[in-house]
Amino acid sequence: MDINETERSGQRKGWVKQLIGVLLEKPTGKAPNLWRQLVDLNNKQRLAFTAAFLGWTFDAYDFFCVSIAATRIGTSFEVMPSDVTGAITTTLMLRSMGALIFGLLADRYGRRWPLMIDIILFSILNAASGFAPNLDVFIALRALFGIAMGGEWGLGASLALETLPIESRGLFSGIYQGGYVIGYLLATLVNYAIEATDSSWRILFWAGAAFALLAAFIRIFVPESPTFEKTQESRKLFMGRSYLKDIWIMLKNHYRRAIYMTILMAFFNFLAHGSQDLYPTFLRAQLNFDAAQVTITSVIYNIGSFIGCALLGCYSSYFGRKRVIVFGSVMVGAFIPLWIYAPEVHSLRFGAFVLFFFVQGTWGVVPAHLNELSPPAFRALLPGLSYQLGNLISAASSQIQATIGEQYPLRNPDGTILLRDGKSVPDYGLTQAIFMGVIVACLILTILVGKEERNKDFMQNINEDEHGRAIGSDDLLNYELEQGKREQESSH
């Protein structure tokens, strides 16, 4: 074997070790104590996390209002429900713009005030949606709502995770992400009460506006992120750069990481949309569930989703972010058959509970993982923008699944097309199963080739120099001490 061949062999071994080595490393530190992590917070930390969690929860509530009430909104405006769901597509398309605008503002002026403006804005827009006189005005308001919604996730995650202790980051990352599930359940319950009392669908939106104002009131008392304050101090003391220069340096040093984070979030969003968007339609159209059965099943698997968010998020700080995501993805793949092809309703609900436990469990790692991967001076912008761009890429998941399922309907044992009420029955189940299997494989590969910076100390990563080297709070202290010494020497 010549020298070149030896070098290539060594490079291949190094690449394989980098690819799967993180899965073989021993856990670091002590196993997490969930209760201790929940109670060992000071008042500022509790307040900051509560404000971020409620904002994301009510944001999710407002988003799901349209899909839950689409039929009644269509009846009110004298259009088809499919016309109303166009508002959902419009919202998804503009969320990336909101992540960009509010992310830049938060990294320039701080997390607190952009978050306050953001939640008041989407509260007003949600209330206005309830007063919309026709479909065109409704869609225009939901487009503006999409901009406001796009800013919430990235800013809330950065404020919460920069304020909380490092050892609690994984747990609260999961709980924070679980706010999306709680928002959906809350919207379902409010909608149920509205339907039970035969009230107007508009109340659903007005209630969301009131919920958001509650979160806005709490945010009045939330202090600024201590990490951001140090970032601002570093800019003033010795960076000597404009904000636009900071953006250019970040793009120059980290454009590959930004692209990777967007691709990663595209597969994460495909995983979420591919499992949840068409599933209620599959239950109704293919399995012939009635409305009550669909609602019960939905509540069961959403409970599994929230528990998975908290537990896998928590244990990712111990076992590793990548390891937990890979494990969760493998378990998703293992439970696809029971999620779709269970022999009876109870086993299907168990399969759905477990599958969504791991789907959203992997998502519980995402806020912490993205914040740790992000350049320190752009921790509000990059996680939120990559998340929303990934969401945009994956927005057509349910349409892709539905179209393929309708092209390949269910068949009888003799090969003829199965008819129900004179219509063919789309094979949504097989389409979802294949789609999810492919996405799980792609997500595992993508997470393996990426980096992990678990439990990074944000206070020691408050900014970067032009070469991408981290600047921490200790560097600020040393600089101030040196400046003090120079001033003393010059005075003598």
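Residues numbered from 1 in each chain as written. Predicted model: local features only at pLDDT ≥ 70, side-chain atom pairs only at ≥ 80, totals over all residues. Heavy atoms only, no water.

(A) How the structure looks around the packing of helix α7 (residues 135-163) against helix α16 (residues 345-373). Look at α7 against α16: their axes get within 10 Å of each other, and the N-to-C directions meet at 80°. The angle between α7 and α16 places the two elements in the roughly perpendicular class. Between α7 and α16, the contacting residues are Trp153, Ala157, Ser158 and Leu161 on the first element and Val366, Pro367, Ala368, Leu370 and Asn371 on the second. Of the residues that constitute the contact of α7 with α16, the class distribution is 7 nonpolar, 2 polar and no charged. (Axes fitted to C-alpha atoms, helices over the stretch in contact; angles between N-to-C directions. Helix = DSSP H or I, 4+ residues; strand = E, 2+ residues; numbered from the N terminus. Parallel < 35°, antiparallel > 145°, perpendicular 65-115°, else oblique. Contact = heavy atoms within 4.5 Å. Nonpolar A, V, L, I, M, F, W, Y, C, P; charged D, E, K, R; others polar.)

(B) Seen up close, the state of the cysteines. A full pass over the atoms with the stated rule returns 0 disulfides. Among the cysteines around Cys309, which has no disulfide bond, Cys314 carries the closest sulfur, lying 13 Å off. For Cys309, a relative accessible area of 0% translates into the label buried. Since its relative accessible area comes to 1%, Cys314 is described here as buried. (Disulfide = S-S within 2.5 Å. Buried < 20%, exposed > 50% of the residue type's maximum accessible area, 1.4 Å probe, protein only.)

(C) Structural context of helix α3 (residues 43-77). With 35 residues, α3 extends 47 Å between its outermost C-alpha atoms, agreeing within 8% with the 51 Å of an ideal straight helix rising 1.5 Å per residue. Its axis deflected by about 70° at Ala70, α3 carries its strongest bend there. Taking the backbone nitrogen of Lys44 as reference, a side-chain oxygen 3.2 Å away marks Asn42 as the first, capping residue of α3. Positive phi appears at Glu78, one or two residues downstream of α3, with a value of about 60°. (Expected span 1.5 Å × (residues − 1). Bend = angle between axes of the 7 residues up to and from the residue. Polar contact = N/O pair within 3.5 Å; in protein donor to acceptor, adjacent residues only side chain to side chain.)

(D) Representation of the nonpolar core in the model. Ranked by internal contacts, the top residues of the largest apolar core, which has 121 residues, are Phe138, Tyr279 and Trp339. Here this core gets 18 residues from one element, more than from any other, and that element is α3. Residues within four places of Trp339 in sequence aside, it is in contact with Gly274, Ser275, Tyr279, Phe282, Leu348, Gly351, Ala352, Leu355, Phe356, Gln432 and Met436. Listed in part, the 8 residues of the second largest apolar core include Ile247, Met250, Ala377 and Phe378. (Core = buried A, V, L, I, M, F, W, Y, C linked by side-chain atoms within 4.5 Å.)

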